[in-house]
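# Tertiary structure, described
Chain residues, written in single-letter form:
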Amino acid sequence: MNKITQTATTLPGTTEIKDEFWGRYIKLVQDVVIPYQYEALHDRVPEAEPSHAIANFEIAAGRKSGEFKGWVFQDSDVAKWLEAVGYSLSIRRDPELERQADEVIDLVGEAQQPDGYLDTYFIVKEPGKRWTNLQDCHELYCAGHFIEAAVAYYEATGKDRLLNIVRKLVDHIAEVFGPEEGKLKGYDGHQEIELALVKLYKLTGEQKYLELSSFFIDQRGQEPNFLRQEWEDRGQVTHWSGKTDKTDLAYLQAHLPVREQSVAVGHSVRAVYMYTAMADLAALTNDTGLREACERLWQNMTQKQMYVTGGIGSTHHGEAFTFDYDLPNDTVYAETCASIGLIFFAKRMLELTPDAKYADVMERALYNNVLGSMAQDGKHYFYVNPLEVWPQACSCNPGKHHVKAERQGWFGCACCPPNVARLLTSLNQYIYSVHGDTLYTNLYIGSESSFKLGGQEVAVSQQSSYPWEGKIQLKIDPAAAAKFGIAVRIPAWSASAELTVNGEAVDIASVLEQGYAVIRRTWTAGDVIELSFPMTATRVYAHPQLRADAGQTAIQRGPLVYCLEEADNGATLSSISLDEAGAFTERFDDSLLGGAVVVKTDGFRIDEGSWNGGLYGSMKAGVTPVEVTAVPYYLWGNRGSGEMKVWVRS
């Protein structure tokens, strides 16, 4: 085993999650999700759509004969599962899981070609067409996911088998791509390898990985446009739809050089994966142009194209952004992977600049869109995350077939379930960030951490009552008295907050910096920070140009967006309106899917019995007072098929 001795950056610290709320979900991923996905990848879950992912590797490795099946990017599901395994093993050693992963890694190694190439679609199905359709066929995308898996697995276990496989693969890629004469001046249609190469650079310190990542980012959108030329060289034929009249470069974020882009366009997952890599490179190379582009793209995406749940990508046509303020609720896409990519991007922006606006979005996407994508049993998932559901429309209206009223067991294109698993098992990496001698608290998740601040090893213990109560306690224990900063985020949703250090009140306004209350002092062992945010249900309204939500309101309590479900309010949720003067009552319901705060308020329901016209009439139907019940959005769809609605008439 070749040990890595050189590293590009030093990790700011270590964090172990010890949180009642998130601990349950992380344990669910470890005990149920990862084993379930292992079986699904092996096509051993009867009720799930076949994956073919492991079978493709077995064919490519020569272990068995057969044809490639599944999507052209099917390999990436195996990689994301391995990455989640790596993170899980870093939390809790599991010899049997490690044995399973090692066997999968051996299989991947057997499938790898002598020159380092690794992609089962082209090994099995089209061996003579490597690197001829980067626009559609995801070769570098799959490579990127294996790079991420290799880094996570090495850091967890110290085993370098997969790491050596991907380094050989990257050496091959570097022989094919680059600015030198005779190499392809291209890049993948689906970004991913760019951010993965940064991770490989940070682990190994090898400059060539950072340079290759920069090449892919810098080359994108340059003229002459590589993807356009490649498409023309193929006779204008695509992998998906045959011969086409044009190619949509904006869909691939290749319409402009990345430093000139200002508006989030195209496939939403590709976009945020690219923005993540851009922010990574901006931080590592001090590239002002990349940084400014990231800031512009963040502003457009989160202020004009993001759902209240943290979802992005408003159309199922290409899983893409459309235009500013176009956020329909019932035909929405809001793919789970896109919100996970948004969280990746937010984390990198926090590493660039300690601004709470990035952590606010991270929190919103995590507690709502991402958490809501997985059922409470860990075995069913949403690919699409709607804000309004009418089950009959989902089954009978072709324009809504992509929206499901219940989570599915698996998908032919199963990118989202393993993405959720790898995010939740690596959630400890998102709680804090360090800038200089200041520790920034981005997420309020119970945990035990260790950092080096002010020249001393500092233990930080966080206790959190999130998301049901806004009470946070941080115990600061430096090895010796030292001067450094501790910054705590004041969430944008919080109308008021109280902060004390060792029981003494701190004037938050006097220490507020970009949404963080920053306390700089000499800390000694046993110092305690206490933070309190009153958590009460509030009404949320949308921008006047957001037409889909005009005249409607949503309910939010702390970081959680709420919704109405048919299970609590009966059918025809569209007939319900909220009383603007109605107060909210809140009660923790132990019996509701593991326990949750339920919100009730006064409202009105259209009295269908008072309607005496036909399909249309000249007299308005009457209304009757009703009690309206709202539950956290992340829990919807766990009680059978039924209507759901986030935005309600007021």
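In the block above lies the structure referred to throughout.
A brief look at the structure comes next. In this text the structure is predicted, and so the values were computed from the model without any measurement.

### Side note on the overall build of the protein chain
- For the protein chain, the helix and strand inventory stands at 19 helices and 24 strands.
- Computed over C-alpha atoms, the radius of gyration of the protein chain comes to 25 Å, within 12% of the 26 Å expected from 2.2 N^0.38 for 650 residues, which places it in the range of a compact globule.
- Classification of the 650 residues of the protein chain by burial places 59% in the buried group.
- Of all intrachain contacts in the protein chain linking residues separated by at least 6 positions in sequence, the fraction that spans at least 24 positions is 71%.
- Averaging the coordinates of the 60 positive side-chain charges in the protein chain and doing the same for the 86 negative ones gives two points 1 Å apart.

### Focus on empty space enclosed by the protein
- What the rule picks out here adds up to one cavity of 30 Å³ or more.
- One number sums up the size of the largest cavity: a volume of about 30 Å³.
- As for the largest cavity, its lining consists of Gln30, Ser88, Arg92, Asp94 and Leu97.
- Its residues assigned to classes, the lining of the largest cavity comprises one nonpolar, two polar and two charged.

### Things to note about the state of the cysteines
- Counted according to the given criterion, the structure contains zero disulfides.
- Between cysteine 396, a free cysteine, and cysteine 394, which holds the nearest cysteine sulfur, the sulfur-to-sulfur gap is 9.5 Å.
- A residue is classified by how much of its surface remains accessible, and cysteine 396, at 55% relative accessible area, is exposed.

### Looking at the pattern of salt bridges
- Considering all chains together, one arrives at 40 salt bridges under this definition.
- Between glutamate 148 and arginine 422 there is a salt bridge, with the nearest N and O atoms lying 3.1 Å from each other. One end of the pair, glutamate 148, is in helix α7 (residues 139-157); the other, arginine 422, is in helix α17 (residues 416-425), with 274 residues separating them in the sequence.
- What makes arginine 422 buried here is its relative accessible area of 1%.
- Of the charged contacts, one joins glutamate 223 and arginine 228 as a salt bridge, the two residues approaching to 3.3 Å between their closest N and O atoms.
- Among the ionic contacts, a cluster of salt bridges with common partners joins Glu83, Glu148, Lys199 and Arg422.

### Side note on the sheet that holds strand β1 (residues 13-17)
- Ordered in space as β1-β7-β8-β9-β15-β11-β12, the seven strands form an open sheet in which the pairing is antiparallel. The sheet is open, and its two edges are formed by β1 and β12 (504-505), each paired on a single side.
- Bridging between strand β11 (residues 498-501) and β12 involves two bridges; their strand directions are antiparallel. Residue pairing for β12: valine 501 is matched across the bridge by glutamate 504.

### Let's talk about the packing of helix α13 (residues 288-304) against helix α15 (residues 356-372)
- At a minimum axis separation of 12 Å, α13 and α15 run at an interaxial angle of 45°. It follows from the interaxial angle that α13 and α15 lie oblique. The way α13 lies across α15 gives a crossing that is left-handed. Contacts from Glu295, Trp298, Gln299 and Thr302 in α13 reach Lys357, Tyr358 and Val361 in α15.
- Considered class by class, the residues forming the contact of α13 with α15 number three nonpolar, two polar and two charged.

### Observations regarding the layout of surface pockets
- The volume enclosed by the second largest pocket comes to roughly 930 Å³.
- Taken together, 40 residues make up the lining of the second largest pocket; nearest its centre are Tyr251, His267, Gly318, Glu319 and Tyr383.
- Of all the secondary structure elements, the ones that give two or more residues to the lining of the second largest pocket are α6 (134-137) and α12 (268-285).
- For the lining of the second largest pocket, the residue count by class is 17 nonpolar, 14 polar and nine charged.

### Structural notes on the sheet that holds strand β10 (residues 482-489)
- Here we have five strands laid out as an open sheet, ordered β5-β6-β10-β14-β13, and mixed in their pairing. Sheet topology places β5 (432-435) and β13 (512-513) at the edges, where each strand pairs with a single neighbour.
- Along the sheet, α15 makes contact with β10 and β14 (516-523), crossing β10 at roughly 50°.

### Brief notes about a nonpolar patch on the surface
- Among the surface-exposed residues, Phe604, Ile606 and Val623 lie close enough to one another that they form a single nonpolar patch of about 220 Å² accessible area.
- Classification of phenylalanine 604 as partly exposed rests on a relative accessible area of 30%.

### Brief notes about the environment of glycine 409
- As for its position among the elements, glycine 409 is in the loop between α16 (391-396) and α17.
- Exposure remark for glycine 409: the relative accessible area of 13% places this residue in the buried category.
- Along the primary structure glycine 409 and aspartate 188 are separated by 221 residues, whereas in three dimensions their C-alpha atoms are 30 Å apart.
- Other than its neighbours up to four places away in sequence, glycine 409 contacts Tyr36, Ala48, Lys379, His380 and Tyr381.

### Side note on the pairing of strand β22 (residues 623-632)
- As defined by bridge partners, strand β18 (residues 560-565) adjoins β22 across two bridges and the pair is classed as antiparallel. Counted as the bridge partner of tyrosine 562 is proline 632 from β22.
- In terms of strand pairing, strand β21 (residues 596-606) meets β22 through eight bridges, oriented antiparallel. The residue bridging threonine 601 from the neighbouring strand is valine 628, located in β22.

### Things to note about the pairing of strand β15 (residues 527-533)
- Burial of β15 is extensive: five of the seven residues sit out of reach of the surface.
- In terms of strand pairing, strand β9 (residues 470-478) meets β15 through seven bridges, oriented antiparallel. Within β15, the residue paired with leucine 474 across the bridge is isoleucine 529.
- The sheet contact formed by β11 and β15 spans four bridges and is antiparallel. Within β15, the position partnered with valine 501 by the bridge is isoleucine 529.

### Observations regarding helix α11 (residues 226-233)
- All of the buried residues along α11 are Phe226, Leu227, Glu230 and Trp231. Across the axial projection of α11, the buried residues extend over an arc of 135°, all falling on one side.
- The inward-facing, buried residues of α11 abut α6 and β2 (237-238).
- A distance of 3.1 Å separates the backbone nitrogen of leucine 227 from a side-chain oxygen at the start of α11, and that oxygen is part of asparagine 225.
- Where α11 terminates, the next one or two residues include glycine 235, which has phi positive at roughly 75°.

Reading the values: the criteria
Residues numbered from 1 in each chain as written. Predicted model: local features only at pLDDT ≥ 70, side-chain atom pairs only at ≥ 80, totals over all residues. Heavy atoms only, no water. Helix = DSSP H or I, 4+ residues; strand = E, 2+ residues; numbered from the N terminus. Rg over C-alpha atoms; globule rule 2.2 N^0.38 Å. Buried < 20%, exposed > 50% of the residue type's maximum accessible area, 1.4 Å probe, protein only. Contact = heavy atoms within 4.5 Å. Lys, Arg positive; Asp, Glu negative; His and termini not counted. Charge placed at Lys NZ, Arg CZ, Asp CG, Glu CD. 1 Å grid on protein atoms, 1.4 Å probe; cavity = no way out; pocket = protein on both sides within 12 Å on 5 of 7 lines; lining within 4 Å. Points joined across faces, edges and corners; volume = space filled by probe spheres on them. Nonpolar A, V, L, I, M, F, W, Y, C, P; charged D, E, K, R; others polar. Disulfide = S-S within 2.5 Å. Salt bridge = Lys/Arg side-chain N within 4 Å of Asp/Glu carboxyl O. Pairing = 2+ DSSP bridges. Axes fitted to C-alpha atoms, helices over the stretch in contact; angles between N-to-C directions. Parallel < 35°, antiparallel > 145°, perpendicular 65-115°, else oblique. Left-handed = near helix turned anticlockwise from the far one by under 90°. Patch = residues over 30% accessible without salt bridge, like charges linked within 9 Å, V, L, I, M, F, W, Y side chains within 5 Å. Areas by Shrake-Rupley, 256 points an atom, 1.4 Å probe, with all protein chains shown as cover. Arc of directions from axis to C-beta. Polar contact = N/O pair within 3.5 Å; in protein donor to acceptor, adjacent residues only side chain to side chain.

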